[in-house]
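Take a look at the letters that make up each chain.
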Amino acid sequence: MSEQTLWPVIAIDGPSASGKGSVAELVAKKFGFHYLDSGALYRLLAYAAHTQSVAWSDAGKLAAIVSAMAIRFDGGEIYLNGEHVSPYIRTEQMGKGASEVAVHPEVRAALLETQRNFRESPGLVGDGRDIGSVIFPDAVLKVFLTAGVETRAQRRYDQLVNRGETANYDTILEDLRQRDLRDTQRSSAPLKQLPDAMLVDTTKMNIAQAVDMIVEAFKKTAKNT
Ligand code: DC
């Protein structure tokens, strides 16, 4: 067993706009763990491809872009080849692009090692679609964090409006439905609730309650190991 595999991983998977990013970050903070926002990696790739006029359907070229990407996460901000790109990758367009580039097995394989390298002392919280199934199948706690699609659309709408952007609820709802379909129906590492994952449905729950549930569940697993 390598030293790296000793550090515990909490895997939080779920659909877009379920709140898993906020929840995962707070759980990581609670335990002083590292945090992997795996969706950001797919968003970075979609953005890099877009700036180089490479189509999101071109698996070969996309995989080549991954190997040339110098990625740095710094206090919640993201840098690609030295450029601060956080605002550019958090757009609805790059969310859609991320979901499109993520269907290619070549792309997923190219990003595998980068994600596993986030596992460092004293532990890691990772969020995404395949953290518990593919990236860290030995995670000590697996969570499927979800919410009804209308609730997620409303939250995304509020988020955009609060940022001062124009938003249309119906368009967001339709985009989320399409993204859910693409993320759950693709053949390579589709999003699914694993049999050994704890279900956290945030439709009628706030972020703090979801965080508490996960923190308590992790404390229990830590006691039992
Ligand atoms: O979590 P997010 O909304 O930032 O993710 C954007 C897209 O990236 C998502 O629709 C699918 C893809 N993704 C993935 O396929 N696997 C992951 N582990 C994380 C994200």
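The structure contained in this document is the topic of the report that follows.

Reading the values: the criteria
- Residues numbered from 1 in each chain as written.
- Predicted model: local features only at pLDDT ≥ 70, side-chain atom pairs only at ≥ 80, totals over all residues.
- Heavy atoms only, no water.
- Helix = DSSP H or I, 4+ residues; strand = E, 2+ residues; numbered from the N terminus.
- Buried < 20%, exposed > 50% of the residue type's maximum accessible area, 1.4 Å probe, protein only.
- Contact = heavy atoms within 4.5 Å.
- Areas by Shrake-Rupley, 256 points an atom, 1.4 Å probe, with all protein chains shown as cover.
- Lys, Arg positive; Asp, Glu negative; His and termini not counted.
- Charge placed at Lys NZ, Arg CZ, Asp CG, Glu CD.
- Pairing = 2+ DSSP bridges.
- Axes fitted to C-alpha atoms, helices over the stretch in contact; angles between N-to-C directions.
- Parallel < 35°, antiparallel > 145°, perpendicular 65-115°, else oblique.
- Nonpolar A, V, L, I, M, F, W, Y, C, P; charged D, E, K, R; others polar.
- Core = buried A, V, L, I, M, F, W, Y, C linked by side-chain atoms within 4.5 Å.
- Phe/Tyr/Trp six-rings, centres within 6.5 Å; stacked < 30°, edge-to-face > 60°.

**Comments concerning the overall build of the protein**
The secondary structure content of the protein amounts to 10 helices and 8 strands. When the backbone C-alpha atoms are referred to their principal axes, the protein occupies close to 50 × 40 × 35 Å. Considering the protein as a whole, with its 225 residues, one finds that 47% of them fall into the buried category. Contacts in the protein between residues far apart in sequence, at least 24 positions, make up 74% of those at least 6 positions apart. Put simply, the protein shows about 11000 Å² of open surface, and 52% of that area lies on carbon and sulfur atoms. In the protein, the 26 positive side-chain charges and the 28 negative ones have mean positions that sit 3 Å from each other.

**Overview of the sheet that holds strand β3 (residues 71-74)**
The pairing of strands in a sheet comes from backbone hydrogen bonds and takes either a parallel or an antiparallel form. If you walk across this open sheet you meet the 3 strands as β3-β4-β5, and the pairing is antiparallel. In this open sheet, the two edge strands, each paired with only one partner strand, are β3 and β5 (83-84). By the bridge criterion, 2 bridges tie strand β4 (residues 77-80) to β5 in an arrangement that is antiparallel. If you follow Tyr79 over to β5, its bridge partner there is His84. Running at roughly 40 degrees to β4, helix α2 (residues 38-51) makes contact with β3, β4 and β5 of the sheet.

**Quick look at the environment of Arg179**
In this structure, Arg179 sits in helix α9 (residues 169-185). C-alpha separation for the pair Arg179 and Val125, spaced 54 residues apart in sequence, amounts to 23 Å. The contacts of Arg179, once residues within four sequence positions are left out, are Ser16, Arg43, Glu92, Gly95, Lys96, Ser99 and Arg156.

**A look at the packing of α2 against helix α5 (residues 92-101)**
Where α2 meets α5, the axes come as close as 8 Å, and the angle between the chain directions of the two elements is 100 degrees. In this view, α2 runs roughly perpendicular relative to α5, as classed from their interaxial angle. On α5, the residues that touch Tyr42, Arg43, Leu45, Ala46, Tyr47 and His50 of α2 are Gln93, Met94, Gly95, Gly97, Ala98 and Val101. Residue composition of the contact of α2 with α5, grouped by class: 7 nonpolar, 4 polar and 1 charged.

**Let's talk about the nonpolar core**
Counting 34 residues, the largest nonpolar core has Leu44, Leu45, Met69 and Phe136 as its most contacted members. Elements supplying a minimum of two residues to this core: β1 (9-13), α2, α3 (59-67), β4, α5, α6 (105-116) and α7 (131-135). Of all the elements, α2 adds the most residues to this core, at 9 residues. For Phe136, the residues in contact, after removing those within four places along its chain, are Val9, Leu36, Gln115, Arg116, Arg119, Leu124, Ile131 and Lys142. Ranked by size, the runner-up nonpolar core spans 18 residues in total, among them Val23, Val27, Val143 and Phe218.

**Here's the deal with the packing of aromatic side chains**
Tallying each qualifying case throughout the model produces 5 aromatic pairs. An angle of 65 degrees between the planes, with centres 4.8 Å apart, marks the rings of Phe31 and Phe218 as edge-to-face. Of this pair, Phe31 sits in helix α1 (residues 20-31) while Phe218 sits in helix α10 (residues 207-224), and the two are 187 residues apart along the sequence. Residue Phe218 is classed as buried on the basis of its relative accessible area, which comes to 7%. Ring centres of Phe33 and Phe218 lie 5.8 Å apart, and the angle between their planes is 80 degrees; this geometry places the pair in the edge-to-face category. Of this pair, Phe33 sits in the loop between α1 and β2 (34-37) while Phe218 sits in helix α10; the two residues are 185 residues apart in sequence, bridging distant segments of the chain. Comparing Phe33 with Phe218, the two get one shared label, buried. An aromatic cluster is present here, built from Phe31, Phe33 and Phe218 joined pairwise through their rings.

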